[in-house]
Amino acid sequence: MTWYTVLVLAVAAERLAELVVARRNTRWSLARGGVESGREHYPVMVALHTALLAGCLAEVHLADRPFPPVLGWVMVAAVVAAQALRWWCIRTLGPRWNTRVIVVPGLPRVAGGPYRWLSHPNYVAVAAEGLALPLVHGAWVTALVFTALNAVLMVVRIRCEDGALARLPALDARA
């Protein structure tokens, strides 16, 4: 279980790195007239993502969940793939990527990288990670609860983001 704790802590460290990038990008966006939407759901999102990490560790340790080798290793690969997709999103959006919904007026919608194929690839990464990370070590209750609550949150978040993005110019394939 020690290695699983290290994995969860590594994901937590990755999330902290995201927050550093997001804070820098927030300053960049606001300095260019960026408009934030969805402030009311942001604390709920932060709490849910924090609860995911805590739930992974709590369930594995308190319920003495075993490591299921075949499923566990497949889920480790899914967690790694989710991180790769997330950082591809961050790299593609550059200073426009954020954990908040902030749109800078006058900038075209990004249509490159994973955004060529998906409107919200970062949320695919979040959903995959939220299911896979707990299942690495058999924390199925955490996986189910997070997935259900995240689905509800994503409906709110995607509506908010789509509304904000609708105010951007038409897609620019060069971005």
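Because the structure is predicted, anything quoted here is derived from the model rather than measured.

Trainee: Just give me the short version of the packing of aromatic side chains, but keep the residues and values in it.
Mentor: Considering all chains together, one arrives at five aromatic pairs under this definition. Note on Trp3 and Trp73: the rings are 5.8 Å apart at their centroids and 10 degrees apart in plane angle, and the pair reads as stacked. Of the two residues, Trp3 is situated in helix 1 (residues 2-31) and Trp73 in helix 3 (residues 69-93); the sequence distance between them amounts to 70 residues. The exposure class of Trp73 is exposed, given its relative accessible area of 52%. Directly above the ring of Tyr42 sits Arg100, whose terminal nitrogen or CZ lies 4.0 Å from the centroid.

Trainee: Explain the layout of surface pockets residue by residue, including any values.
Mentor: Within this model, the largest pocket holds a volume of roughly 920 Å³. The set of elements that each furnish at least two residues to the lining of the largest pocket consists of helix 1, helix 2 (42-62), helix 3, strand 2 (101-103), helix 4 (121-135) and helix 5 (140-165). Class assignment of the residues belonging to the lining of the largest pocket gives a composition of 25 nonpolar, eight polar and eight charged.

Trainee: Could you give me a rundown of the side chain of Arg15, with the residues and numbers involved?
Mentor: Tracing the chain through its elements places Arg15 in helix 1. Since its relative accessible area comes to 12%, Arg15 is described here as buried. Residues contacting Arg15, with those up to four places away along its chain left out, are His49, Arg86 and Glu129.

Trainee: Go over the side chain of Asn122, please, and point to the residues and values.
Mentor: For Asn122, the location among the structural elements is in helix 4. For Asn122, a relative accessible area of 14% corresponds to the buried category. Filtering out sequence-adjacent residues up to four positions away, Asn122 remains in contact with Arg86, Cys89 and Trp97.

Trainee: Mind laying out the nonpolar core, listing which residues take part and the relevant values?
Mentor: Residues Tyr4, Val8, Cys56, Val79, Leu133 and Val136 are the most contacted members of the largest nonpolar core, which totals 26 residues. Listing elements by their share of this core, those giving two or more residues are helix 1, helix 2, helix 3, helix 4 and helix 5. Of the residues forming this core, the biggest block, eight residues, is contributed by helix 2. Non-local contacts of Tyr4, meaning those with residues more than four positions away in its chain, are made with Cys56, Leu57, Val60, Leu133, Pro134, Val136 and His137. Formed by 11 residues, the second largest nonpolar core is a distinct cluster that contains Ala22, Ala82, Leu85 and Tyr115.

Trainee: How would you summarise the state of the cysteines if you had to cite specific residues and measurements?
Mentor: Here the structure, examined in full by the defined rule, presents zero disulfides. Free cysteine Cys160: the closest other cysteine sulfur is in Cys89, separated by 17 Å. Under the relative-accessibility criterion, Cys160 is labelled buried at 18%.

Trainee: Tell me what's going on with the environment of Val21, and back it up with residues and numbers.
Mentor: Along the chain, Val21 turns up in helix 1. A relative accessible area of 12% places Val21 in the buried class. Separated by 69 residues in sequence, Val21 and Ile90 place their C-alpha atoms 8.8 Å apart. With near-sequence residues (within four places) excluded, Val21 lies in contact with Trp87, Ile90 and Trp97.

Trainee: Break down helix 2 for me, citing the residues and quoting the values.
Mentor: Between the first and last C-alpha of helix 2 there are 29 Å, a value that for 21 residues agrees with the 30 Å anticipated at 1.5 Å per step. Taken together, the buried positions of helix 2 are occupied by Tyr42, Met45, Leu48, His49, Leu52, Leu53, Gly55, Cys56, Leu57, Glu59 and Val60. One or two positions beyond helix 2, positive phi appears at Asp64, with a value near 50 degrees.

Trainee: Residue-level account of the packing of helix 1 against helix 4, with values.
Mentor: Between helix 1 and helix 4, whose axes approach to 10 Å, the crossing angle comes to 155 degrees. Looking at the two axes, helix 1 sits roughly antiparallel to helix 4. Judged by residue contacts, Tyr4, Leu7, Val8, Val11 and Arg15 of helix 1 engage Glu129, Leu133 and Pro134 from helix 4. Of the residues belonging to the contact of helix 1 with helix 4, the class tally is six nonpolar, no polar and two charged.

Cut-offs and rules
- Residues numbered from 1 in each chain as written.
- Predicted model: local features only at pLDDT ≥ 70, side-chain atom pairs only at ≥ 80, totals over all residues.
- Heavy atoms only, no water.
- Phe/Tyr/Trp six-rings, centres within 6.5 Å; stacked < 30°, edge-to-face > 60°.
- Helix = DSSP H or I, 4+ residues; strand = E, 2+ residues; numbered from the N terminus.
- Buried < 20%, exposed > 50% of the residue type's maximum accessible area, 1.4 Å probe, protein only.
- Lys NZ or Arg CZ within 6 Å of the ring centre and 35° of its normal.
- 1 Å grid on protein atoms, 1.4 Å probe; cavity = no way out; pocket = protein on both sides within 12 Å on 5 of 7 lines; lining within 4 Å.
- Points joined across faces, edges and corners; volume = space filled by probe spheres on them.
- Nonpolar A, V, L, I, M, F, W, Y, C, P; charged D, E, K, R; others polar.
- Contact = heavy atoms within 4.5 Å.
- Core = buried A, V, L, I, M, F, W, Y, C linked by side-chain atoms within 4.5 Å.
- Disulfide = S-S within 2.5 Å.
- Expected span 1.5 Å × (residues − 1).
- Axes fitted to C-alpha atoms, helices over the stretch in contact; angles between N-to-C directions.
- Parallel < 35°, antiparallel > 145°, perpendicular 65-115°, else oblique.

Nothing here speaks to function; it is all geometry.
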